[in-house]
Amino acid sequence: MATRKFTVGEVAKHNTANSAWIIVDQKVYDVTKFQNDHPGGKGILLKYAGKDASKEFHQFHQAYMVLPSYGPKLEIGVVGEAAVEVADPNKPELSGMLITKENEVFGDLTPFAEPAWYQDWYSPYFKESHIKLRAHMRKWLQENSWMEHKDEWERLIKNNEKPPKWAFEAVGKAGIFRVIVGPPWGAPNVPGIPSLPMGIPQKEWDIFHEMVVVDELNATPSLVGVMFGGNPYALPLLMKYGTQKMKDEIVPALFNGTETAALAISEPHAGSDVAQLQTRAVLSADGKHFVLNGEKKWITGGVWADWFMVACRTDDTRPGSAGISVLAVRRGPGLTTRPIETQSGVISGTAYVTFDNMIVPAENLVGKLNGGFKLLMANFNHERLFICITTLRNARVCYQEAVHYCHKRKTFGKFLIQHPILRDKLAHMARQIEAAQAWVESIAYQMQRMPTEIQDARLGGVIALAKVQCTNVFEFCAKEASQILGGISVTKGGQGARVEQLYRVVRSVTIAGGSQEIMADLGIRQSLKVHELMGAKL
């Protein structure tokens, strides 16, 4: 379709509530139906209706966030002879100075606003397929942010209902549910399994492809991550330790998004101390089924999960971790959920789950009877790395919001960026982000290369410490960004919305997968034990 061209005079006629057009960067947007949805209120839109609002728009918005999500829906043309070919907002215009001309520059070129390999740095980890996947994921997420559905979905979740089926299936069709489970990414050999993103062959897919997907999921404001629920934590258990029958019958639906899963470990009285859980499963006399009773709390995605990977006690005669098993439990009679509203709201579908004399087929045992604790501990490696990647991008977004705001906001006659004390804050945010990013990429490389039979033991302690580091960095950056943005960072909506929202997420990701104190202790204990076995003289 040809792009319509308007004169400034034509745009000026549309300056009322019944017909409101504005110009931003030579593009014409019809905001008539957007007035009531505008986070800043409709008054400001009407003030600039019929005018060029480019300067004011950039003063109060992050164009790289807002335009990809809302622009295509509101844009109706261009002014005068503005170029019809629109530049890709994810590929910044380069001056040619200090560019290697060997690496692709992508996203926000502000220093440290993107990972180093996005900004013309050489990397030993990311290859051509990773570069293409990065662009593919950002474009897909910008086109499928679904942020306009947030209020509607929150209402559904508060009523213990599932967000729309089409959203889960869209994520499945895009191949995203397949790639958030850690190695191996192999799919059961059954019809209907979605392809990996961009059709990348399974044999070529590696941990860094997953890293790109998870990172990009947190770079762009969207509700796609909500669809995950507990899939990234529950699916690996099935993929690694489930029987072939389980994989054939359960995994395809989870990959396609027609069903979802949650990992059910934490209880009202047992969080990081998994060995103390009290949910019990008693094997029937004929050995055909378990009778499951107990309660689980803080279960991500539990509101809508169809399957629960349940950690439960199956032998009371074995103390602590020895008598724990994992069951794949399908939602049905005897299982009830209710939503829990956390600091970050209800959008993650966190639930309180109750099992009341629930019958679970014995064949749904994942791994060996009473051998579940080792499975859960090994599974934590991927979960915690997933959290590391997520929190590092969240920290980077906080920095990104702060540095852009420093170039727009003035105090005492100077832009904030001209005040040394604020540059100092930005410096400490950037150095911590980049140091943690380098560590996580190094760990990911070990996961890719290290023999699987020693990987869980060798990397468990290191990943636990990395989670402490990454969540600490996120917490620091959220606090500093909030301080820099001031009042707008405590206001839902508007220019400080992302920092406000991320600040509320800090505690949940810090505690999830093991609290910092537990992780720090585990990291040192496990590392000491491993290195003694390797021959260290301590």
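Residues numbered from 1 in each chain as written. Predicted model: local features only at pLDDT ≥ 70, side-chain atom pairs only at ≥ 80, totals over all residues. Heavy atoms only, no water.

Trainee: Can you help me understand the nonpolar core in this one?
Mentor: Most often, soluble globular proteins have nonpolar side chains that are buried together. With 132 residues, the main nonpolar core has Met309 and Val329 as its most contacted residues. Per element, the largest residue contribution to this core is 17 residues, and it comes from helix α12 (residues 372-406). Once residues lying within four places of it in the same chain are set aside, the contact partners of valine 329 are Leu292, Asp306, Trp307, Phe308, Val310, Leu335, Phe355, Met358 and Val360. Judged by nonpolar contacts, the second largest core, of 11 residues, contains Ala20, Ile22, Tyr29 and Val31. (Core = buried A, V, L, I, M, F, W, Y, C linked by side-chain atoms within 4.5 Å. Buried < 20%, exposed > 50% of the residue type's maximum accessible area, 1.4 Å probe, protein only. Helix = DSSP H or I, 4+ residues; strand = E, 2+ residues; numbered from the N terminus. Contact = heavy atoms within 4.5 Å.)

Trainee: Please clarify how the packing of aromatic side chains should be interpreted in this entry.
Mentor: Within a pair of aromatic rings, the relevant descriptors are the distance that separates the centres and the angle that separates the planes. Summed over all chains, the structure comprises 17 aromatic pairs. These aromatic residues form a ring-pair network of at least three members: Phe106, Trp117, Tyr118, Tyr125, Phe126, Phe208 and Tyr445. A cation over an aromatic ring shows up here: lysine 73 above the ring of tyrosine 70, its NZ or CZ 5.8 Å from the ring centre. Lying across the ring of phenylalanine 415, lysine 410 places its NZ or CZ 4.8 Å from the centre. (Phe/Tyr/Trp six-rings, centres within 6.5 Å; stacked < 30°, edge-to-face > 60°. Lys NZ or Arg CZ within 6 Å of the ring centre and 35° of its normal.)

Trainee: Which parts of the structure should I look at to understand the pairing of strand β8 (residues 289-299)?
Mentor: When a strand is regular, its side chains alternate between the sheet's two faces. Both strand β7 (residues 280-283) and β8 contribute to a ladder of 4 bridges, which runs antiparallel. Pairing of leucine 283 across the sheet is with phenylalanine 290, part of β8. The antiparallel pairing of β7 with β8 creates a hairpin that spans 5 residues between the two strands, and glycine 287 there sits at a positive phi of about 75°. As paired elements, β8 and strand β12 (residues 351-361) share 8 bridges and run antiparallel to each other. Residue pairing for β12: lysine 296 is matched across the bridge by valine 353. (Pairing = 2+ DSSP bridges.)

Trainee: Help me out: how do you make sense of helix α15 (residues 497-511) in this one?
Mentor: Residues spaced three or four apart along an α-helix point in a common direction, a consequence of the helix completing one turn every 3.6 residues. Helix geometry: α15 is bent most strongly at valine 505, by close to 35°. Of all the positions in α15, only Arg498, Val499, Glu500, Leu502, Val505, Val506, Val509 and Thr510 are classed as buried. Just downstream of α15, glycine 513 is the residue with a positive phi angle, here 75°. (Bend = angle between axes of the 7 residues up to and from the residue.)

Trainee: Sorry if this is basic, but what is going on with the side chain of asparagine 379 here?
Mentor: Mapped onto the elements of the fold, asparagine 379 is located in helix α12. A relative accessible area of 5% places asparagine 379 in the buried class. Within the structure, the side chain of asparagine 379 is placed 2.9 Å from the backbone oxygen of tyrosine 233, a separation counted as a polar contact. Beyond its immediate stretch of four places on either side in the chain, asparagine 379 contacts Tyr233, Pro236, Leu237 and Leu263. (Polar contact = N/O pair within 3.5 Å; in protein donor to acceptor, adjacent residues only side chain to side chain.)

Trainee: Any chance you could explain the pattern of salt bridges here in plain terms?
Mentor: Proximity of charged atoms lets side chains of opposite charge pair with each other. Throughout the structure, instances matching the rule amount to 21 salt bridges. Residue glutamate 143 pairs with lysine 139 through a salt bridge whose shortest N-O separation is 2.7 Å. Here glutamate 143 pairs with lysine 139, and both are found in helix α5 (residues 128-143), just 4 residues apart, close to one helical turn. The exposure class of glutamate 143 is exposed, given its relative accessible area of 52%. Given a relative accessible area of 48%, lysine 139 falls into the partly exposed group. The salt bridge involving arginine 330 is made with glutamate 259; its shortest N-O contact spans 2.4 Å. With arginine 330 in strand β10 (residues 324-330) and glutamate 259 in the loop between α11 (244-256) and β6 (261-264), the pair connects residues that are 71 residues apart, well separated along the chain. For arginine 330, a relative accessible area of 42% corresponds to the partly exposed category. Taking relative accessible area as the criterion, glutamate 259 reaches 13% and is therefore assigned buried. (Salt bridge = Lys/Arg side-chain N within 4 Å of Asp/Glu carboxyl O.)

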